[in-house]
Amino acid sequence: MPSSNSPKIWINVKGADDLPTSNTSTVYLRISNGGSVVKTKPTKNSYPYWGEQFTLPVTDLKEKMQIVVCAKGGLLSKDVDLCLAAVDINTLYRNHPKPLQLNIQNMSGQNGHRPTMHIT
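The rules behind these values
- Residues numbered from 1 in each chain as written.
- Predicted model: local features only at pLDDT ≥ 70, side-chain atom pairs only at ≥ 80, totals over all residues.
- Heavy atoms only, no water.
- Helix = DSSP H or I, 4+ residues; strand = E, 2+ residues; numbered from the N terminus.
- Buried < 20%, exposed > 50% of the residue type's maximum accessible area, 1.4 Å probe, protein only.
- Contact = heavy atoms within 4.5 Å.
- Areas by Shrake-Rupley, 256 points an atom, 1.4 Å probe, with all protein chains shown as cover.
- Pairing = 2+ DSSP bridges.
- Salt bridge = Lys/Arg side-chain N within 4 Å of Asp/Glu carboxyl O.
- Core = buried A, V, L, I, M, F, W, Y, C linked by side-chain atoms within 4.5 Å.
- Disulfide = S-S within 2.5 Å.

Student: When you look at the overall build of the protein in this model, what are you seeing that I'm missing?
Tutor: Scanning the protein for helices and strands turns up one helix and ten strands. Sequence-ordered secondary structure for the protein, helices as α and strands as β, is β-β-β-β-β-β-β-α-β-β-β. Out of the 120 residues in the protein, the part that is buried amounts to 40%. Put simply, of all contacts in the protein between residues at least 6 apart along the chain, 59% involve residues at least 24 apart. In the structure as shown, the protein presents an accessible area of about 7000 Å², 50% of it carried by carbon and sulfur atoms.

Shown next, in the form of structure tokens:
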């Protein structure tokens, strides 16, 4: 568990493009680093814009931060992981505050989509 003195990384989540979902699906991002996890607000759009900022503790610059695009399940079903991006914490430190466009791996099995994510 990171201490309160741990270095921190600030993430500004802009949005995503061409997600493998319909405009009626509710999607959100789950961002994790080490033992810390944050989530964006859910939105209904395959080209969502979140405009949210998060702070996560950093325990190791060699770690990868995982960003997963999730679709909300119904009342009786679980949320589904659609896409995944992993970015080196060191890359974020070197490029901050430059925007990054991440190509994300489509986990939904739908072909033809080349989703991207925008963060700073």
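Still more to cover.
Student: Help me understand the pairing of strand β3 (residues 36–39), please; the structure alone is not making it clear to me.
Tutor: Working note: regular strand, side chains alternate between the two faces of the sheet. Burial along β3 is one-sided: the residues S36 and V38 are buried and none of V37 and K39 is. Direction of pairing for strand β2 (residues 26–33) relative to β3: antiparallel, over a ladder of four bridges. Bridge pairing in β3 places R30 opposite K39. Where β2 folds back on β3, the antiparallel hairpin that results is connected by two residues, among which G34 adopts a positive phi of roughly 60°.

Student: What's the story with the pattern of salt bridges in this structure? I'm lost.
Tutor: Side chains carrying opposite charge are able to pair once their charged atoms draw close together. Per the stated rule, a full pass over the model turns up two salt bridges. The salt bridge involving R30 is made with D81; its shortest N-O contact spans 3.2 Å. One end of the pair, R30, is in strand β2; the other, D81, is in strand β7 (residues 80–88), and 51 residues separate them in sequence. On the accessibility criterion, R30 (25% relative accessible area) is partly exposed. Of the charged contacts, one joins D88 and K64 as a salt bridge, the two residues approaching to 3.0 Å between their closest N and O atoms. Here the residue D88 occupies a position in strand β7, and K64 occupies one in strand β6 (residues 64–71), the gap between them amounting to 24 residues.

Student: How should the nonpolar core be read in this particular structure?
Tutor: Nonpolar side chains in soluble globular proteins tend to end up buried together. One finds I31 and M65 to be the most contacted residues of the largest nonpolar core, which totals 23 residues. Mapped onto this core, the elements with two or more residues apiece are β1 (8–17), β2, β5 (49–57), β6, β7 and α1 (89–95). The contact partners of I31, leaving out residues within four places of it in the chain, are I11, V13, S36, V37, V38, F54, L56, M65, Q66 and I67.

Student: Please explain the state of the cysteines as it appears in this structure.
Tutor: Put plainly, a disulfide is one covalent bond tying together the sulfur atoms of two cysteines. The full count for this structure, using the stated rule, is zero disulfides. No disulfide involves C70; its nearest neighbouring cysteine sulfur is the one of C83, lying 9.5 Å away. The exposure class assigned to C83 is buried, which follows from its relative accessible area of 0%.

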